[in-house]
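Here is how the chains run, residue by residue.
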Amino acid sequence: METMKQYIEEAEKALLHTYNRYQIVLDKGEGVWLYDIEGKRYLDFCAGIAVFALGYHNRKYNDALKAQIDKLIHTSNYYYNVPAIEAARKIKEVSGMDRVFFTNSGAEAVEGAIKAARKYAYLKDGRTDHEIIAMEHSFHGRTMGALSVTGNPAYREAFEPMIGNIRFASLNDFESVKKALTEKTCAIIMETVQGEGGVIPAQESFLKQVKALCQERDILLILDEIQCGMGRTGAMFAWQHYGVKPDIMTTAKALGCGIPVGAFLMTEKVGANSLTSGDHGTTYGGNPLAAAAINIVLDLFAENHIIDNVKETGAYLERKLDELAAEYDCIEGRRGRGMLQGLVFSRPVNGVIQKALEKGLILINAGANVIRFVPPLIITREHVDEMAEILKSCLDEME
Ligand SMILES: *Cc1c(COP(=O)(O)O)cnc(C)c1O
């Protein structure tokens, strides 16, 4: 068998170098644990970037996918298939939205949301110069449309020109939104809790002000719930904490728990007045295998009381992180909600993350100075304690 080092050398010759990967080759998972190909075990507080909510090697999830593989994997969207119809019913139930379009990824869900918003505005006045307001420090994906509304200039620069007519405002600064507003504004897009940008929740008052503005002017509110949705903050979708319902919502990441699938959803008002036949499509989106993943994920969320665990164990995680923040001078504070948490450091965190990995704990950052905690949603207090112990020992060694 090749060693980890040999595999990594081979990977670096063949894969496009768009990631500075951690130097481990992962092999298998069990619950909240991952194993590399040399058998070393890791406590996983990354969950494939907020994806694997149910934990690895979940028997019922695996069996449901295997059954669907043996039945039918793909049909195209020229025909109906039962798993997609069921998935649409279930996602409507948990979101309260009316219409859904399934995609293969988060970025594609954002692309679809942007197209729906532009079409909605176009049908109203026939113009093609509508503007979208997006937030600084936001992250919406790497395709050209999603990148255009991503508030990180370094990600965009080399790929200009963007799709155009995007204006940026600051999250939680309503005045900045009003400043960016023009006659041509057709939509405002934001993450309900910014993930990649440093784990920054939108404040309730801000969300409500933006929503009121949108209603007053018939502007569409697009909430990107790709990272903060699917139970991660202690509600199925983070906006449900505040009752600020979007006109269009995106979801992905934990929606399929590892099978690549996303969705954008909308209210009936937008559904009936935006994209129609010929306007949008996808070969794979919502195929029977992807839809089967959504179905079993939503079933297991209910059966295993996942959201109750996020509320309880998420509160415990929050307490533990607050304790760490109080104990260590290098930690400035904690941000986040439920099991989407960030510890803000006064210095870059990559050294700590590297040391934690050596000690068998997988953590990720969100920006240079923030450690992000996005564990599988099935973690227990014992896992939180173990994580905190390892993190403390890393910080102690680095003091
Ligand atoms: C990850 C993410 C995306 C992009 O999803 P991909 O599946 O990587 O394309 C978009 N928005 C948010 C908030 C995300 O966290």
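Fair warning: this is a prediction, and the values are worked out from it, not measured in the lab.

Undergrad: Mind showing me how you'd approach the pattern of salt bridges here?
TA: A side chain with one charge may pair with a side chain of the opposite charge, provided their charged atoms come close. Applying the stated criterion to the full structure yields 20 salt bridges. Between E268 and R99 there is a salt bridge, with the nearest N and O atoms lying 3.2 Å from each other. Note that E268 is positioned in helix α10 (residues 268-271) and R99 in strand β4 (residues 99-103), a separation of 169 residues in sequence. What makes E268 partly exposed here is its relative accessible area of 34%. On the basis of relative accessible area, R99 is assigned to the partly exposed category, the value being 45%. A salt bridge links K359 to E397; its shortest N-O distance comes to 2.6 Å. Of this pair, K359 sits in the loop between α13 (350-358) and β15 (361-362) while E397 sits in helix α14 (residues 381-398), and the two are 38 residues apart along the sequence. Look at the salt bridges and you will find they share partners, linking K124, D218 and K269 into a network.

Undergrad: Is there a simple way to think about the domain arrangement of the protein chain in this case?
TA: Note: interface size is frequently given as the accessible area lost on complex formation between the parts. Here the protein chain is partitioned into domain 1 (4-54 + 305-398) and domain 2 (60-303). For domain 1 and domain 2, the distance between their C-alpha centres works out to 26 Å. In this assembly, 26 residues from domain 1 lie in contact with 29 residues from domain 2. Summed over both partners, the interface of domain 1 with domain 2 buries about 2200 Å², with 64% contributed by carbon and sulfur atoms. The largest share of the area that domain 1 buries against domain 2 comes from L54, R337 and L340, three residues that together contribute 28% of it. Scanning the region where domain 1 abuts domain 2 turns up 1 salt bridge. For E196, the salt bridge identified is with R372, shortest N-O distance 3.1 Å. Of all the secondary structure elements, the ones that give two or more residues to the side of domain 1 that touches domain 2 are α2 (47-50), α12 (306-327), β13 (331-337), β14 (340-345) and β17 (370-373). Take the side of domain 1 that touches domain 2: its biggest share by element is 4 residues, from α12.

Parameters at a glance
- Residues numbered from 1 in each chain as written.
- Predicted model: local features only at pLDDT ≥ 70, side-chain atom pairs only at ≥ 80, totals over all residues.
- Heavy atoms only, no water.
- Salt bridge = Lys/Arg side-chain N within 4 Å of Asp/Glu carboxyl O.
- Helix = DSSP H or I, 4+ residues; strand = E, 2+ residues; numbered from the N terminus.
- Buried < 20%, exposed > 50% of the residue type's maximum accessible area, 1.4 Å probe, protein only.
- Domains from an automatic or database assignment.
- Contact = heavy atoms within 4.5 Å.
- Buried area = accessible area lost by both parts, 1.4 Å probe.

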